Amino acid sequence: MTSTYENDIAVRQRIAETMEVEIDDHCESIVDADNRTRLGSSQIGKSCSREIWYGYRWAKKPQLGSATRPAGRIARLFNRGHREEPALIDYLTSIGCEFIPPPDGRNQHAFTACEGHAGTEVDGIGYLPKKFGVKEKVLFEFKTANMNYFNRMKKKGVQVEQPKYWAQVNFAGRLAGLEYVCFVVVSKNDDDIIVEFLKLDPDYGQILIDKAMHIISTPEPPTKISLSSTNFACKFCNFTDICHFGEAVEKNCRSCRHATAAAEGKWACCNPAFDEGEAGIEIPLNVLPEGCPYHEGIGL
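These notes cover the structure that comes with them.

Reading the values: the criteria
- Residues numbered from 1 in each chain as written.
- Predicted model: local features only at pLDDT ≥ 70, side-chain atom pairs only at ≥ 80, totals over all residues.
- Heavy atoms only, no water.
- Helix = DSSP H or I, 4+ residues; strand = E, 2+ residues; numbered from the N terminus.
- Buried < 20%, exposed > 50% of the residue type's maximum accessible area, 1.4 Å probe, protein only.
- Contact = heavy atoms within 4.5 Å.
- Areas by Shrake-Rupley, 256 points an atom, 1.4 Å probe, with all protein chains shown as cover.
- Lys, Arg positive; Asp, Glu negative; His and termini not counted.
- Charge placed at Lys NZ, Arg CZ, Asp CG, Glu CD.
- Axes fitted to C-alpha atoms, helices over the stretch in contact; angles between N-to-C directions.
- Parallel < 35°, antiparallel > 145°, perpendicular 65-115°, else oblique.
- Nonpolar A, V, L, I, M, F, W, Y, C, P; charged D, E, K, R; others polar.
- Pairing = 2+ DSSP bridges.
- Expected span 1.5 Å × (residues − 1).
- Phe/Tyr/Trp six-rings, centres within 6.5 Å; stacked < 30°, edge-to-face > 60°.

Let us look at the overall build of the chain. Summing up its helical and strand segments, the chain has 11 helices and 11 strands in all. Split into buried and exposed, the 300 residues of the chain put 39% on the buried side. The contacts in the chain between residues at least 6 apart in sequence include a share of 64% that link residues at least 24 apart. Carbon together with sulfur atoms contributes 52% to the accessible area of the chain, which is approximately 17400 Å² in total. Between the mean site of the 35 positive side-chain charges and the mean site of the 41 negative ones, the chain shows a separation of 5 Å.

Set out below in structure tokens:
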């Protein structure tokens, strides 16, 4: 008996197209949400504190993809670096680097600040090959880049060309108590590699931790980076419509003006409707994404 797809090109094409869509949907569904839970090192280096604040307060979910770039594809691009990590660690180990295993069975070393509301997970902590005589522990950071960004980093260096990466490792290095970072950048186009061994700036790291604390503790949005929505940074910001045009924030506890960051990474509701005093009432984790009937969106 002949299968329906054996001689039917259209049926086989529909199968292939369906599989593509389902793969995209799956990839979109598993995008790591931890960066939304805490103010992470990948966010702290952004130039606009207001953008960071809106993201931290869950004003609007990240918008992945477009008509020409499906969200699943963008999710895979974001995850490309994670897929590279095991191979890069294997390459570095083969030339004499040593890596310290993360504690408690975790996949990565994690560090927190600001009562657990800020933090980072680092790609690796370990030692350079002994022949170099570097005795200090080193932070390892792995990145991938398309040919354009890769060539620019190769010419100018990561610190100059990608200041957000420089902020990320200084924030992480300060929390981890490390003095040096080894950047390894892989070209997505041809697998070329850049290695940079840099001394971290602990003062800059502390400035970023203080910046995180200010963003977490302030009840009102920080100053806009620009009064015009046509500013380059605003044109590509997820929160432009909220910031410049008064779009309502999405409903959840963190986007409510009555919510405040509490100790141990928790959140408290200080809505007088609940009459729980100035300290408020702890918000259960399962309630945070939903909000309540008394929700009042954070201001512009």
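From this point, the narrative continues.
The next subject is the packing of helix α8 (residues 163-176) against helix α9 (residues 202-217). As a packed pair, α8 and α9 sit with axes 8 Å apart at the nearest point and diverge in direction by 90°. Taken together, α8 and α9 sit at an angle that is classed as roughly perpendicular. Where α8 abuts α9, its residues Trp-166, Ala-167, Asn-170, Phe-171, Arg-174 and Leu-175 lie against Pro-202, Tyr-204, Gly-205, Gln-206, Leu-208, Ile-209 and Ala-212. Considered class by class, the residues forming the contact of α8 with α9 number 9 nonpolar, 3 polar and 1 charged.

Right, let's get into the sheet that holds strand β9 (residues 259-261). The strand order across the open sheet formed by 3 strands is β9-β10-β11, and the pairing between neighbours is antiparallel. Where the open sheet ends on each side, the last strands, each with one partner, are β9 and β11 (281-282).

Once that is clear, we can look at α8. Taking 1.5 Å as the rise per residue, α8 with 14 residues should run 20 Å; its terminal C-alpha atoms sit 20 Å apart, in good agreement. What α8 keeps buried is the set Tyr-165, Trp-166, Ala-167, Gln-168, Val-169, Asn-170, Phe-171, Ala-172 and Gly-173. Just downstream of α8 lies Gly-177, where phi reads positive at about 70°.

It is worth spelling out the sheet that holds strand β6 (residues 138-145) at this point. Two pairing modes exist for strands in a sheet, parallel and antiparallel, and in both the strands are linked by backbone hydrogen bonds. The strand order β2-β5-β6-β7-β8 describes an open sheet built from 5 strands, whose pairing is mixed. In this open sheet, the two edge strands, each paired with only one partner strand, are β2 (98-99) and β8 (193-199). Examined bridge by bridge, β6 and strand β7 (residues 180-187) share 7 bridges and lie parallel to one another. Its bridge partner being in β7, Phe-140 is matched across the sheet by Cys-182. Sitting on the sheet, α8 touches β6, β7 and β8, and the angle it makes with β6 is about 155°.

What follows concerns the packing of aromatic side chains. For the structure shown, the criterion picks out 6 aromatic pairs. For the pair Tyr-56 and Trp-267, a centre-to-centre distance of 5.5 Å together with 35° between the ring planes defines the contact as tilted. You can see Tyr-56 sitting in helix α4 (residues 49-56) and its partner Trp-267 sitting in strand β10 (residues 267-269), a full 211 residues away along the chain. Like Trp-267, Tyr-56 is buried. Between the aromatic rings of Phe-99 and Phe-140, the centroid separation amounts to 4.7 Å while the plane-to-plane angle is 45°, which identifies the pairing as tilted. Remark: Phe-140 occurs in strand β6 and Phe-99 occurs in strand β2; sequence separation between them is 41 residues.

With respect to the helices and strands, the residue Lys-154 is situated in helix α6 (residues 147-156). The spatial distance from the C-alpha of Lys-154 to the C-alpha of Ser-229 is 33 Å, given a sequence separation of 75 residues.

Let us now look at unusual backbone geometry. Glycine aside, residues mostly have negative phi angles, and peptide bonds mostly take the trans form. With a phi close to 60°, Glu-115 is a non-glycine residue in the positive phi region. The topology assignment puts Glu-115 in the loop between β3 (109-113) and β4 (118-122). Even without being glycine, Asp-191 reaches a positive phi, approximately 65°.

The subject of this paragraph is the environment of Ser-41. Tracing the chain through its elements places Ser-41 in helix α3 (residues 41-44). The spacing of Ser-41 and Lys-61 is 20 residues in sequence and 18 Å in space, taken between C-alpha atoms. Excluding anything up to four places from it in sequence, Ser-41 contacts Gly-119, Thr-120, Gln-168 and Phe-171.

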